[in-house]
Amino acid sequence: TKFLALDETKLGLRTLILSILLTGRDSDWLLQIVVGTRSGTEKNPDSTIPTYFPECDAIAYFPTAAPDLPTAPLHHPDLYEPVSEIWWLPLPQPLIPLWRELASRRRRGDKLFGVSEKEIRNALAWLTKKLRKRLPHRAAMTEGRLRMAYTTLMVNVGRLDPLVAAFISEQWSPALRVPLYYTTLRLSFLAEQYRAATQRVWNFLRRLSADFDLPFFECEP
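What comes next concerns the included structure.

This part takes up the overall build of the protein. What the protein contains, in helices and strands, is eight helices and four strands. Counted from the first residue to the last, the protein has its helices and strands arranged as α-α-β-α-β-β-β-α-α-α-α-α. Across the 221 residues in the protein, those meeting the buried criterion constitute 39%. Split by element, the accessible area of the protein, about 12,500 Å² in all, is 55% carbon and sulfur.

In structure tokens, the structure reads:
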């Protein structure tokens, strides 16, 4: 409730920084997202702009950093589903009310986050200053560290498959190879795994906040 009472800029910054942590995506990609309708995307499938659909709590987008996926079965007995050009990123539960609230303040086709890169940098600098009041030698809060924290938390705390984590964040490493069976799994199953992992991470962060009295969940400017 405190989050939803924030003005446009504060709500946008809170939601975007939390989205970097829980999706592993960079701000350049997140700032492109527009509010849309699923029927509108189906009528205009050539649009390459990532689009958020409040009615299904997911983002449709065209992958840019994904590895080459097979276009045919590698072996005759293999199950195979052709890979769609449009990919879907389900939102984890902690982000859903924040994204829905932002979308309710926008018209269809408007960008979801009405903030600038400079405002993001200022917000991260403010977070660093807040943290260092309690923990003076803590490293600066940066977007890169938030994205690395996503991978560490999702795999080690959330117990999410590293490959699924890489698909979500588009943070690929040479050690990851895409097995064919991922093209035959239901999106709903992968969404369930992602959301369950996020909830474990969220509960972990809430316990940290309570144990160490950190200012992660204060509603301040």
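Turning next to the sheet that holds strand β1 (residues 34–35). Here four strands make up an open sheet; going across it, the order is β1-β2-β3-β4 and the pairing mixed. Strands with a single pairing partner mark the edges of an open sheet, and in this sheet they are β1 and β4 (87–90). Relative to strand β2 (residues 51–53), β1 runs parallel, the two sharing two bridges. What sits directly across from V34, in β2, is T51.

Our next topic: unusual backbone geometry. Its identity is not glycine, yet D57 carries a phi of approximately 50 degrees, on the positive side. Residue placement: D57 occurs in the loop between β2 and β3 (58–61). In this model, E170 sits at a positive phi of 60 degrees, which is unusual for a non-glycine residue. The topology assignment puts E170 in the loop between α7 (162–169) and α8 (187–212).

So, about helix α5 (residues 117–134). If you check α5, its first and last C-alpha atoms are 27 Å apart, about what 18 residues at 1.5 Å a residue would give, namely 26 Å. Restricting attention to buried positions, one finds in α5 the residues I120, A123, L124, T128, K130 and L131. For α5, the arc enclosing every buried residue in end-on projection is 165 degrees, short of the 170-degree limit, so these residues lie on one face. In α5, the exposed positions angled more than 90 degrees off the buried face are occupied by K118, R121, K129 and K133. The inward-facing, buried residues of α5 contact α1 (8–23), α2 (27–30) and α6 (143–157).

By the definition in use, this model includes six salt bridges. For R25, the salt bridge goes to E170, with nearest N and O atoms at 3.6 Å. Residue R25 is found in the loop between α1 and α2, and its partner E170 is found in the loop between α7 and α8; the two are separated by 145 residues along the sequence. Taken as a pair, R25 and E170 share a single burial class, namely buried. The residue R100 makes a salt bridge to D57 at a minimum N-O spacing of 2.7 Å. In this pair, R100 sits in helix α4 (residues 96–104) while D57 sits in the loop between β2 and β3, placing the two residues 43 residues apart along the sequence. Connected through salt bridges with shared partners, the residues E8, E101, R105 and R106 form a single ionic network.

Moving on, we get to the side chain of R106. Within the secondary structure layout, R106 lies in the loop between α4 and α5. Within the structure, R106 has its side chain in polar contact with the side chain of E8 (distance 2.6 Å). Once residues lying within four places of it in the same chain are set aside, the contact partners of R106 are E8, V35, K111, L112, F113 and G114.

What follows concerns the nonpolar core. W99, L112 and F113 are the most contacted members of the largest nonpolar core, which has 49 residues in total. Considering each element in turn, this core owes the most residues, eight residues, to α1. Not counting the four nearest positions on each side in its chain, W99 is found in contact with T15, S19, L30, I33, Y52, I59, L91, L112 and F113.

Here we come to the environment of L127. By secondary structure assignment, the location of L127 is in helix α5. Apart from residues lying up to four places away in sequence, L127 is in contact with I17 and M141.

Quick notes on the rules
Residues numbered from 1 in each chain as written. Predicted model: local features only at pLDDT ≥ 70, side-chain atom pairs only at ≥ 80, totals over all residues. Heavy atoms only, no water. Helix = DSSP H or I, 4+ residues; strand = E, 2+ residues; numbered from the N terminus. Buried < 20%, exposed > 50% of the residue type's maximum accessible area, 1.4 Å probe, protein only. Areas by Shrake-Rupley, 256 points an atom, 1.4 Å probe, with all protein chains shown as cover. Pairing = 2+ DSSP bridges. Expected span 1.5 Å × (residues − 1). Arc of directions from axis to C-beta. Contact = heavy atoms within 4.5 Å. Salt bridge = Lys/Arg side-chain N within 4 Å of Asp/Glu carboxyl O. Polar contact = N/O pair within 3.5 Å; in protein donor to acceptor, adjacent residues only side chain to side chain. Core = buried A, V, L, I, M, F, W, Y, C linked by side-chain atoms within 4.5 Å.

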